[in-house]
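# Structural features, examined
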Amino acid sequence: MTNPTLKFSNTAPANNLVDVLVVGISAVDSKLKVLPRSITAAQAKKLNTTLSALGATGKHGEQTRIPGTGIASATSILAVGIGAETSTEQLRQLTGDVTRNLAGNKKVSYALRDLNDQDAVAVAEGAMIAAYAFNEFRNSSLADQK
């Protein structure tokens, strides 16, 4: 059984030593906007420049992964499109999709948007549900994967 661990942190997400920093982006007047205010203006500018060069649109659910070098302490950054009208339930589902896509990474930090209490719970639930795996009866097939 996989036992995911969840930690909340007050440090700036870009300073966390993680494998992947997940950052929410959106399209505002056809320009990309980094959603969490915890990402500095300089980091957001570098992120926007790189994402724009790769053709990222910020459309809901779009995922674009780039190296974290020069932007954050994370090994890589995953920019995730979040629409302006994204509900708490959609945020939970989006976090689950992202978590499943990042399977195999040991540490992931989420900075999707400035979260209220409901959004924070939704992100935590989405990540924990997606990261859980019941493997009690898969011993032989898991051994084959190593």
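Reference entry: report on the structure contained in this document. The structure displayed is predicted, hence computed values, not measured ones. (Residues numbered from 1 in each chain as written. Predicted model: local features only at pLDDT ≥ 70, side-chain atom pairs only at ≥ 80, totals over all residues. Heavy atoms only, no water.)

In terms of helices and strands, the chain carries four helices and five strands. Taken over the C-alpha trace, the chain has a radius of gyration of 16 Å; the compact-globule value for 146 residues is 15 Å, and the two agree within 12%. Across its three principal axes, the chain shows a C-alpha extent of roughly 50 × 30 × 30 Å. Taking all 146 residues of the chain together, 38% fall into the buried category. (Helix = DSSP H or I, 4+ residues; strand = E, 2+ residues; numbered from the N terminus. Rg over C-alpha atoms; globule rule 2.2 N^0.38 Å. Buried < 20%, exposed > 50% of the residue type's maximum accessible area, 1.4 Å probe, protein only.)

Locating D119 in the fold gives a position in helix α3 (residues 117-131). In contact with D119, not counting residues within four places along its chain, are T88, L91 and R113. (Contact = heavy atoms within 4.5 Å.)

Grouped together as the largest cluster of nonpolar side chains are 19 residues, with contacts concentrated most on L21, V23, V34, L47, L51 and I77. Listed by contribution, the elements that provide at least two residues to this core are β1 (20-28), β2 (31-34), α1 (41-53) and β4 (76-81). The contacts of L51, once residues within four sequence positions are left out, are I25, L32, A56, T64, I66 and A79. (Core = buried A, V, L, I, M, F, W, Y, C linked by side-chain atoms within 4.5 Å.)

Taking 1.5 Å of rise per residue, 15 residues should cover 21 Å, and α3 covers 21 Å from first to last C-alpha, within 8% of that figure. Check the buried side of α3 and you find it contacts α2 (88-101) and β5 (108-111). With a side-chain oxygen lying 3.0 Å from the backbone nitrogen of Q118, the N-terminal cap of α3 falls on N116. (Expected span 1.5 Å × (residues − 1). Polar contact = N/O pair within 3.5 Å; in protein donor to acceptor, adjacent residues only side chain to side chain.)

Turning our attention to the environment of I71. Structurally, I71 is set in the loop between β3 (63-67) and β4. Discounting residues that sit within four places of it in the chain, I71 has contacts with A14, Q43, K46, L47, I66 and I77.

Attention now moves to α2. An α-helical segment advances 3.6 residues per turn. Residues three or four places apart therefore align on the same side. The end-to-end C-alpha separation of α2 is 20 Å, in line with the 20 Å expected for 14 residues at 1.5 Å each. Looking at α2, one finds that the buried residues are L91, L94, T95, G96, V98 and T99. Against the buried residues of α2 lie β1, β3, β4, β5 and α3.

Honestly, that's just the spatial picture; any functional story needs more than this.
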